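# Coordinate inspection notes
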Protein chains: 2
Amino acid sequence: MVKGLSNSKQLVALTIAGFDPSSGAGVTADLKVFAAHGIYGLAAVTALTVQSTQGVRRVEPISPEILRQTLDCLAEDVEISGIKVGMLANDRVVDVVSGFLAESGIPAGRMVLDPIISSTSGRKLLLDEGLNRMKTALLPLVGWITPNVDELAILTETPVPGREDVPEAAARLAATYPALNIVVSGGHLDAPDDFLRTAGGVTRADGITRWFPGQRIQTTATHGTGCAFSSALLARLLAGDPPSEAVAAAKNYVSEAMKAAKPIGRGRGPLHHLYRLD
Amino acid sequence: MVKGLSNSKQLVALTIAGFDPSSGAGVTADLKVFAAHGIYGLAAVTALTVQSTQGVRRVEPISPEILRQTLDCLAEDVEISGIKVGMLANDRVVDVVSGFLAESGIPAGRMVLDPIISSTSGRKLLLDEGLNRMKTALLPLVGWITPNVDELAILTETPVPGREDVPEAAARLAATYPALNIVVSGGHLDAPDDFLRTAGGVTRADGITRWFPGQRIQTTATHGTGCAFSSALLARLLAGDPPSEAVAAAKNYVSEAMKAAKPIGRGRGPLHHLYRLD
């Protein structure tokens, strides 16, 4: 239970993302992250995947019609406090999600986009036209984005070879999308530090840029760390955390869930999202 | 964490069932139930549904090919201790699941079938030819089945109008499938009692029949009680509980999760599967 929420109304978050049968990533992982934070989760699947801890074998996007029906059906029934968007697969899915977010009435600051483009194993999880639509239709709608360094490079069309290049690339992204809070996850960097640039950045009094030092954890449980971070970030934002506190808490949650993980599968195993149950 | 498992190897269970975006039922609910019992969950989706707490609007079965690939991909990567089977949608899905179970090498006593035929709102969730295939191909493979009274009537092709007709109908089912442990959930009866008839029934020394008295809980959180019961039953069996203890514990878990539920949605809301997190 997120601190301070124990006696308040049940918060509900929605994840719109892919389905991973191994539950290390995608909507089922997101639901566990929400639950770990005392938030009830709804889920709309954008694509089924065939995958295990050893990588993604197949991606099967859902028909845009079913996805839209699903989103409408949920929104008509339940009051949704915030939305996390993950894997989107193709341009038609991006368009459905963009349309839904635009009509949802949910403040941009309660919508977090994890801009998934490729799997760690190198498979494309968002086709090229989908990437274009994400940049033109979706990024202007959401208040938060959580790219890793590779995704930041693709979104800004500029190489980001090392830690020292991250702030400038984030500034470039912010120049195009000034309302966006940007968290660059550095899990792929030598030092796994994360970088935050809040909306408005250094031009506004309350805009900040800040590094969050990370610790390299010796584990094979690294499947879906990005999914878990973005969902935990949304959970903390819904609990009322200011930007820096939300990022720090989400980063800490992911570290704890990695440390608590038990070996599952032969590849990159899942975090233990619900370690508090132990 | 299931008592006695704290220092042993991480148990993994697989659910093969439908996807409910409201997470009250289907694979995402099953994963939460497994997690509540300290068991890591994998999931293969048989059908996407469009539904909320107010009922099922649409059912979209998955292609048998993707389902089979998903099951094989998981089984090659992770050691699976037990399987829960829920909604199967149609005969082609039943055949894929039957084929997978037959080749899985998992003992029948660790496979629980929740024979979902219709939704509470009356929508068919298993087409007629699927029902036939379930009876001929699937029921001989699994060690446990958890029908409600309506499903028992359909499976035995005999009306089961009241509590007093349950034992005879269960005996009729056992006559056809002597290796099956049968738990009839009485949630739809005046008194929500459950009836257990173990494999071999009264003809074997260790075969038993027993009623488990239930309590009527005043709540609208009744969405997916059958899903939760069958998953909890599997979890308890994997923990080593004998049949009667497993049924009693699963029934108690469902009651506690119903009592702990907070209002979500305008219809029949979800249980609070992870109430231990509060």
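It should be emphasised that the depicted structure is a prediction, and the values quoted were computed from it without experimental measurement.

## Some remarks on the overall build of chain A
Assigned secondary structure in chain A consists of eight helices and nine strands. At 17 Å, chain A has a C-alpha radius of gyration in line with the 19 Å of a compact globule built from 278 residues. Considered along the principal axes of its C-alpha atoms, chain A spans approximately 45 × 40 × 40 Å. When each of the 278 residues of chain A is scored for burial, the buried share is 62%. A separation threshold of at least 6 residues defines the contact pool for chain A, and within that pool the share at least 24 residues apart is 67%. Working note: accessible area of chain A is about 10,400 Å², and carbon and sulfur atoms make up 50% of it. Treating the 26 positive side-chain charges of chain A as one cloud and the 28 negative ones as another, the clouds have centres 5 Å apart.

## Brief notes about the pattern of salt bridges
Following the criterion strictly, the structure yields 30 salt bridges over all chains and no others. Among the salt bridges present, the one from Glu60 of chain B reaches Arg58 of chain B, with a minimum N-O distance of 3.2 Å. Look at Glu60 of chain B and you get partly exposed, because its relative accessible area is 29%. For Glu157 of chain B, the salt bridge goes to Lys135 of chain B, with nearest N and O atoms at 2.8 Å. On the criterion of sequence distance, the pair formed by Glu157 of chain B in the loop between α5 (149-156) and α6 (166-176) and Lys135 of chain B in helix α4 (residues 128-138) is long-range, its members being 22 residues apart. A relative accessible area of 66% places Glu157 of chain B in the exposed class. Judged by relative accessible area, Lys135 of chain B falls into the buried class, the value being 15%. Where salt bridges share partners, they join Arg58 and Glu60 of chain A together with Glu65 of chain B into one cluster.

## Some thoughts on the sheet that holds strand β9 (residues 209-212) of chain A
Each strand in a sheet pairs with its neighbour through backbone hydrogen bonds, running either in the same direction (parallel) or in the opposite one (antiparallel). Residues and elements named next belong to chain A. The nine strands lie next to each other as β3-β2-β1-β4-β5-β6-β7-β8-β9, forming an open sheet whose pairing is mixed. Taken across any chain shown, the strands that pair with only one partner, and hence form the sheet edges, are β3 (55-61) and β9. Note: strand β6 (residues 144-145) against strand β7 (residues 181-184), two bridges, orientation parallel. Directly across from Ile145, in β7, lies its bridge partner Ile182. The sheet contacts of helix α2 (residues 64-77) involve β1 (12-19) and β2 (40-52), and relative to β2 the element is tilted by about 155 degrees.

## Regarding the nonpolar core
In terms of nonpolar packing, the biggest core is built from 84 residues, with Phe19 and Leu233 of chain A together with Phe19 and Leu233 of chain B touching the most fellow members. Beyond its immediate stretch of four places on either side in the chain, Leu233 of chain B contacts Val112, Trp144, Thr146, Val183, Ala246, Val247 and Ala250 of chain B.

## A short note on the packing of aromatic side chains
Counted under the stated rule, the structure contains five aromatic pairs over all chains. Here Phe19 of chain A and Phe19 of chain B contribute two aromatic rings whose centre-to-centre distance is 6.0 Å and whose plane-to-plane angle is 85 degrees, an arrangement assigned as edge-to-face. One end of the pair, Phe19 of chain A, is in strand β1; the other, Phe19 of chain B, is in strand β1 (residues 12-19), on a second chain. With respect to burial, Phe19 of chain A and Phe19 of chain B carry one shared label: buried.

## What to know about the sheet that holds strand β9 (residues 209-212) of chain B
Residue and element names in this part refer to chain B. Pairing in this open sheet of nine strands is mixed, and the strands run β3-β2-β1-β4-β5-β6-β7-β8-β9 from one edge to the other. Every other strand in the sheet has two partners, leaving β3 (55-61) and β9 as the edge strands with one partner each. Summarising the sheet, strand β8 (residues 194-197) and β9 pair through four bridges and their orientation is antiparallel. Paired with Arg197 across the two strands is Thr209, which belongs to β9. Running at roughly 35 degrees to β8, α6 makes contact with β6 (144-145), β7 (181-184), β8 and β9 of the sheet.

## Let's talk about the environment of Ile16 of chain B
For Ile16 of chain B, the position within the fold is in strand β1. Residues Ile16 of chain B and His188 of chain B lie 172 residues apart in sequence; the distance between their C-alpha atoms is 25 Å.

## Focus on the environment of Gly122 of chain A
All names here are of chain A. Along the polypeptide, Gly122 turns up in the loop between β5 (111-113) and α4 (128-138). Gly122 sits in the exposed class, given a relative accessible area of 53%. Along the chain, Gly122 and Gly55 lie 67 residues apart, while their C-alpha atoms are 9.0 Å from each other.

## Some points on the interface of chain A and chain B
The interface is formed by 49 residues belonging to chain A together with 49 residues belonging to chain B. Overall, the association of chain A and chain B removes approximately 4,200 Å² of surface from exposure, summing both partners, and the carbon and sulfur fraction of that is 63%. The largest contributions to the chain A side of the interface with chain B come from Tyr40, Asp77 and Leu277 of chain A, which together make up 17% of the buried area. Counting the contacts that link chain A with chain B gives four salt bridges. In this structure, Arg57 of chain A engages Glu76 of chain B in a salt bridge whose closest nitrogen and oxygen atoms are separated by 2.8 Å.

## Looking at the side chain of Ser81 of chain A
Residues and elements named next belong to chain A. Mapped onto the elements, Ser81 comes out in the loop between α2 and β4 (82-85). Taking the relative accessible area as the measure of exposure, Ser81 reaches 12% and is therefore buried. Sequence-distant contacts of Ser81, that is, excluding residues within four places in its chain, are made with Leu11, Val12, Ile106, Arg110 and Leu238.

## Thoughts on the relation of the copies chain A and chain B
When chain A is fitted to chain B, the best match, at an RMSD of 0.0 Å, comes from turning it 180 degrees and sliding it 0.0 Å along the axis. Here the copies are linked by what is in effect a two-fold axis. Residue by residue, 100% of the interface of chain A is reproduced at the interface of chain B, so both copies engage with the same surface.

What counts and what doesn't
- Residues numbered from 1 in each chain as written.
- Chains lettered and ligands numbered in written order.
- Predicted model: local features only at pLDDT ≥ 70, side-chain atom pairs only at ≥ 80, totals over all residues.
- Heavy atoms only, no water.
- Helix = DSSP H or I, 4+ residues; strand = E, 2+ residues; numbered from the N terminus.
- Rg over C-alpha atoms; globule rule 2.2 N^0.38 Å.
- Buried < 20%, exposed > 50% of the residue type's maximum accessible area, 1.4 Å probe, protein only.
- Contact = heavy atoms within 4.5 Å.
- Areas by Shrake-Rupley, 256 points an atom, 1.4 Å probe, with all protein chains shown as cover.
- Lys, Arg positive; Asp, Glu negative; His and termini not counted.
- Charge placed at Lys NZ, Arg CZ, Asp CG, Glu CD.
- Salt bridge = Lys/Arg side-chain N within 4 Å of Asp/Glu carboxyl O.
- Pairing = 2+ DSSP bridges.
- Axes fitted to C-alpha atoms, helices over the stretch in contact; angles between N-to-C directions.
- Core = buried A, V, L, I, M, F, W, Y, C linked by side-chain atoms within 4.5 Å.
- Phe/Tyr/Trp six-rings, centres within 6.5 Å; stacked < 30°, edge-to-face > 60°.
- Buried area = accessible area lost by both parts, 1.4 Å probe.
- Least-squares fit on C-alpha atoms with pLDDT ≥ 70 in both.

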